[in-house]
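Chain by chain, the residues run as shown.
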Amino acid sequence: TDQRKARRKMGRKVTLATCCVNQWALDFAGNLQRILESLKFAKEKGAKYRLGPELELCGYGCGDHFLETDLYLHCWQALVELLQAPQARDIICDMGMPVMHKNAYYNCRIVFYNQKILLIRPKMHLATTGNYREGRWFTPWTKQRETDEFVLPQMVADVTGQKSVPFGDIVLATLDTVIGFETCQELFSPNSPHIDMSMDGVEIITNCSGSHHQLRKLHVRVDLIRSATSKCGGAYLYSNLRGCDGERVYYDGCCMIAVNGEFLAQGKQFSLEEVEVVTATVDLEDIRSYRGRLINYQGNAPPSYPRVYLNESLSHPESNITLTTTPERSIHYHMPEEEISLGPACWMWDYLRRSKMAGFFLPLSGGIDSSSTASLVGSMCDLVWEAYQNGSDSVARDLREILQLADNEPLPESSKHICRY
């Protein structure tokens, strides 16, 4: 009887949230509001942990503004507001922002809980190929399983009551599990951190990403996440940016949650919604049972990671009874033709509404370039109409502003009317 009572006190089911937010470079106030909205949605769904995308506080596409110290000042100012917000109470928040440490710029994740910063985890493998130029602005953290003490800015210390926090390659241990961190490119690297972290007992791996749309790229992400959780076991949370944040690329969202090689949740790849939160309830015992069957799982374990200990649980003692584990599901893939139609259309909508233009000017020569562009504008109007029909207040507000309609004036009655407006 005592053993049964002890087991009941040890919750084993945890609800985790990962999100996509449509951020805008240097829009600190707007970015902050979208983060707060995602926290609100995550808490409403019962999550105790919220994962956000890479560099979500300032936006990924800041370019050479990453070399300006004002950007880092404004990030800390926005973080102070976030720390004190009621939406950030009683939930572990994992958020991306740049940090200057010892006069070097790092692409970081800041993890905090109830006005206390738990750790700062800098990116270790930078994205430097194709459209990515992170090596121009950031320094990679190369000290594996090592940490420094980061002295907090005074404005932050006044709120948290902390003078310094751990900075480096570190994991977070709660009373019921251990959480590890990867950032975007690190999932694609041949020596991904999730391997050693899993061997060291980390059960939940989280990845905040700023990954742009590329034809069939979702297949690569899914294969990598499935491989990571199949060979190592564990839960994997993937978060990504969404939309055009000021560059010529489109971040295609599609946040996901996988456990032991199977997917439990998937967000939309192409959407006009500014905030999307995806949750799943995971049974930690499924992870432990899966790993226990792996041969010599702990026999060749690497050196342990430094741990920050949080005297809180992700689970609740009654979760074993009250929560239902999220079932497995298949991944939805768009056809290549759909990707070609939807990706540029989403980008065009963001560009249109954020540039405050009244529309597009398109000379129709009848050739493949102009006719294809006209088709993309039509696809954009279809997406706008669908979002409006589904009750999106933000899309309705932006559409009204673009069309210069007063609040009492009716909106167009179809996507074709939007296109001809």
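What comes next concerns the included structure. Note that the structure is predicted; figures quoted are calculated from it, not measured.

**Topic: the packing of helix 11 (residues 336-355) against helix 13 (residues 393-402)**
- One can describe the packing of helix 11 onto helix 13 by two numbers: an axis separation of 10 Å at closest approach and a directional angle of 60 degrees. Here helix 11 lies oblique to helix 13, going by the angle between them. Where helix 11 crosses over helix 13, the two elements pack in a sense that is left-handed. Side by side, helix 11 and helix 13 meet where W349, L352 and R353 of the first sit next to V395, D398, L399 and I402 of the second.

**Here we look at the nonpolar core**
- Among the nonpolar cores identified, the biggest contains 59 residues, and W76, L79, I110, I117 and I120 are the most heavily contacted of them.
- With 9 residues, the top contributor of residues to this core is helix 3 (residues 69-84).
- Non-local contacts of I110, meaning those with residues more than four positions away in its chain, are made with W76, L79, C93, D94, M95, M97, V99, I117, L119 and I120.

**Describing helix 13**
- Within helix 13, 7 of the 10 residues are buried, leaving the element largely enclosed by the surrounding structure.
- Where helix 13 is concerned, the buried positions are S394, V395, A396, D398, L399, R400 and I402.
- Buried residues along helix 13 sit against helix 11, helix 12 (368-389) and helix 14 (415-420).

**What about the packing of helix 2 (residues 28-44) against helix 3?**
- In contact at an axis separation of 10 Å, helix 2 and helix 3 are set at 35 degrees when each is read in the N-to-C sense. Viewed along their axes, helix 2 and helix 3 form a crossing whose handedness is right-handed. Touching F28, L32, I35, L36 and L39 of helix 2 are L71, H74, C75, A78, E81 and L82, all from helix 3.
- Among the residues making up the contact of helix 2 with helix 3, the classes are represented as 9 nonpolar, 1 polar and 1 charged.

**So, the pairing of strand 15 (residues 262-266)**
- The buried fraction of strand 15 amounts to 4 of the 5 residues, a majority that puts the element mostly inside the structure.
- Sheet analysis places strand 14 (residues 256-259) next to strand 15, joined by 4 bridges and oriented antiparallel. For M256, the partnering residue across the bridge sits in strand 15 and is Q266.
- The hairpin formed by strand 14 and strand 15 contains 2 residues between the paired strands, and N260 there has a positive phi angle of roughly 50 degrees.

**Considering the side chain of N31**
- Secondary-structure assignment places N31 in helix 2.
- The residues contacting N31, other than those within four sequence positions of it, are Q23, W24, E56, L57, C58 and G59.

**As for the sheet that holds strand 9 (residues 178-183)**
- In space, the 7 strands of this open sheet follow the order 15-14-11-10-9-8-17, with mixed pairing throughout. Only two strands of the sheet have a single neighbouring strand rather than two, namely strand 15 and strand 17 (307-309). Strand-to-strand twist of the sheet, defined as the mean angle between neighbouring strand axes without regard to direction, takes the value 20 degrees.
- Contacts from helix 8 (residues 217-232) reach strand 11 (235-240), strand 14 and strand 15 within the one sheet, and its direction differs from that of strand 14 by about 30 degrees.

**Some thoughts on helix 2**
- The end-to-end C-alpha distance of helix 2, which contains 17 residues, comes to 24 Å, matching closely the 24 Å that a straight helix rising 1.5 Å per residue would cover.
- Looking at helix 2, one finds that the buried residues are F28, G30, N31, L32, R34, I35, L36, S38, L39 and A42.
- Lining the buried residues of helix 2 we find strand 1 (13-21), strand 2 (49-51), helix 3, strand 3 (92-101), strand 16 (275-283) and helix 11.
- Where helix 2 terminates, the next one or two residues include G46, which has phi positive at roughly 85 degrees.

**Structural notes on the pattern of salt bridges**
- Overall, the coordinates contain 24 salt bridges when judged by the stated rule.
- Among the ionic pairs, D169 bridges to R121, the shortest N-O distance being 4.0 Å. Highlighted residues: D169 in the loop between strand 7 (164-168) and strand 8 (171-173) and R121 in strand 5 (residues 116-122), separated in sequence by 48 residues. Of the two residues, D169 and R121, neither departs from the other in class, the shared state being buried.
- Across the salt bridge formed by R216 and E339, the nearest N and O atoms sit 2.6 Å from each other. Separated by 123 residues along the polypeptide, R216 in the loop between strand 10 (204-209) and helix 8 and E339 in helix 11 bring together distant segments of the chain.
- The partly exposed category is assigned to R216, whose relative accessible area is 27%.
- Taken together, the shared-partner salt bridges connect D27, R34, E274, D350, R353 and D398 into one network.

Parameters at a glance
Residues numbered from 1 in each chain as written. Predicted model: local features only at pLDDT ≥ 70, side-chain atom pairs only at ≥ 80, totals over all residues. Heavy atoms only, no water. Axes fitted to C-alpha atoms, helices over the stretch in contact; angles between N-to-C directions. Helix = DSSP H or I, 4+ residues; strand = E, 2+ residues; numbered from the N terminus. Parallel < 35°, antiparallel > 145°, perpendicular 65-115°, else oblique. Left-handed = near helix turned anticlockwise from the far one by under 90°. Contact = heavy atoms within 4.5 Å. Core = buried A, V, L, I, M, F, W, Y, C linked by side-chain atoms within 4.5 Å. Buried < 20%, exposed > 50% of the residue type's maximum accessible area, 1.4 Å probe, protein only. Nonpolar A, V, L, I, M, F, W, Y, C, P; charged D, E, K, R; others polar. Pairing = 2+ DSSP bridges. Expected span 1.5 Å × (residues − 1). Salt bridge = Lys/Arg side-chain N within 4 Å of Asp/Glu carboxyl O.

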